[in-house]
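Here are the chains, one letter per residue:
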Amino acid sequence: MRFTSCFLIVGIIISLSCNHNYYRTKNAYAISTVNNNVCKKLYGDVLLYAIFVDTRQAKPWTGYDISSTLDSIRKSIAWIEEKAKTNNVPLKIKLDFHVNKGKIPIEQHLYGESLSGMLFSNDGIDMIDNWANAIARKTKDAFTEDTSAVATTKNAITNRERLIARLRDKYKTDNVVLMYFINNYYTNEISLAMFTSAGLKTEFAIVSFKYPAVIAHEFLHVFGALDLYISPFERKRKSVKNRVAIMKAYPNEVMAYTYRQIEKLDISPMTQYLIGWKDSLTESDRKLLVGKKIKVYKY
Ligand SMILES: [Zn+2]
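The rules behind each value
The residue numbers shown here count from 1 along each chain, following its written sequence. The model is predicted, so local features are restricted to residues of pLDDT at least 70 and side-chain atom pairs to those at 80 or more, both for listing and for counting; the totals for chains, interfaces and linings are taken over all residues. To obtain the side-chain values, all non-hydrogen atoms of the structure were included, while hydrogens and water were left out. A carboxyl oxygen of Asp or Glu within 4 Å of a side-chain nitrogen of Lys or Arg is what we treat as a salt bridge. Secondary structure elements are taken from DSSP: a helix is a run of H or I of four residues or more, a strand is a run of E of two residues or more, and numbering for both begins at the N terminus. Only protein chains enter the accessibility calculation, which uses a 1.4 Å probe; a residue whose area is less than 20% of its type maximum is buried, one above 50% is exposed, and one in between is partly exposed. Lines fitted to C-alpha atoms define the axes here, with helix axes fitted over just the stretch in contact, and angles between the N-to-C directions of these axes take values from 0 to 180 degrees. By definition in this entry, angles of less than 35 degrees are roughly parallel, angles greater than 145 are roughly antiparallel, angles of 65 to 115 are roughly perpendicular, and the rest are oblique. If you view the pair so one helix is near and one far, a crossing is left-handed when the near helix is turned anticlockwise from the far one by less than a right angle, and right-handed when it is turned clockwise. In this description, contact between two residues means that some pair of their heavy atoms is separated by no more than 4.5 Å. Gly counts as polar in this scheme, as do all residues outside two lists: the nonpolar Ala, Val, Leu, Ile, Met, Phe, Trp, Tyr, Cys and Pro, and the charged Asp, Glu, Lys and Arg.

1. Looking at the pattern of salt bridges
Logical step 1: By the definition in use, this model includes 11 salt bridges.
Logical step 2: A salt bridge links Glu 263 to Lys 75, with the shortest nitrogen-to-oxygen separation between them at 3.3 Å. Here Glu 263, found in the loop between helix H6 (237-249) and helix H7 (269-274), pairs with Lys 75, found in helix H1 (residues 63-86); they are 188 residues apart in sequence, far enough to count as distant.
Logical step 3: Looking at Lys 75, the relative accessible area reads 40%, which means it is partly exposed.
Logical step 4: Close ionic contact of Arg 286 with Glu 283 constitutes a salt bridge, the shortest N to O distance being 3.0 Å. One end of the pair, Arg 286, and the other, Glu 283, are both in helix H8 (residues 283-290), three residues apart, so they sit about a helical turn from each other.
Logical step 5: Judged by its relative accessible area of 13%, Arg 286 is buried.

2. Let's talk about the packing of H1 against helix H5 (residues 212-222)
Logical step 1: Relative to each other, H1 and H5 sit at 60°, their axes nearing to 8 Å. One finds that H1 runs oblique with respect to H5. Where H1 crosses over H5, the handedness of that crossing is right-handed. On the side of H1, the interface is formed by Ser 72, Ile 73, Lys 75, Ser 76, Trp 79 and Ile 80, while H5 contributes Pro 212, Ile 215, Ala 216 and Phe 219.
Logical step 2: Partitioning the contact of H1 with H5 into residue classes produces seven nonpolar, two polar and one charged.

Here it is as structure tokens:
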């Protein structure tokens, strides 16, 4: 499964995430979102690069909307950094956003009526991939000179990889989180993280709401965190039972209870393993997350 999406329908979250996705390492299985792609482990210097996107399907960004969203992003960053500090993980998250000659939003319309409509249409994942790449291409004028390693030719930024390479070069860090923000007004729109599993495409998140907890939730997905709530799409009784146990064990978990005030949330040891803050899962967490039979990878 290549995406993890989080709906908000009057405070209820519906997930389409699929956690039963592993790949074989030397002597154990790795959960496919863990320690791979651009954003591997969440530590050290990290750049959160926000791109504000104007689409026909959402409200145009106003100066006020942008500044209040930036405040929410800062709040979620401060919360993640504080959790890192509590767990003795060195972490500094820098926030920057796309701006070109004073203009912040980039215009790129979605296909169809909404982000969720686009996602669930035929080729929805490819369409969102193309949408994100088209926006990445439009950032190129904001950069003066291309000295990044990937740019061996005179090509302009053609996609997310090239944008990430430029950002890595400019900010001198490998950990670059691309987050696209749309100024949504439908109450049932989604936020989602794409390509967080092992794969050829670089991951990114799209955030539809300015709630700090939603921003933190999507940010953690990019580093490998999984949804820990019960999806209405979940058909297996055993999985539902395990989710109930997880939510009971971790009643403040940000990956389970996202639509709350961020101050009341926490990052459980389970999520800490997934984002690289702990090198292993406890036996009970392993059973709840992946089942008895699977031995998971130790960092
Ligand atoms: Zn999620």
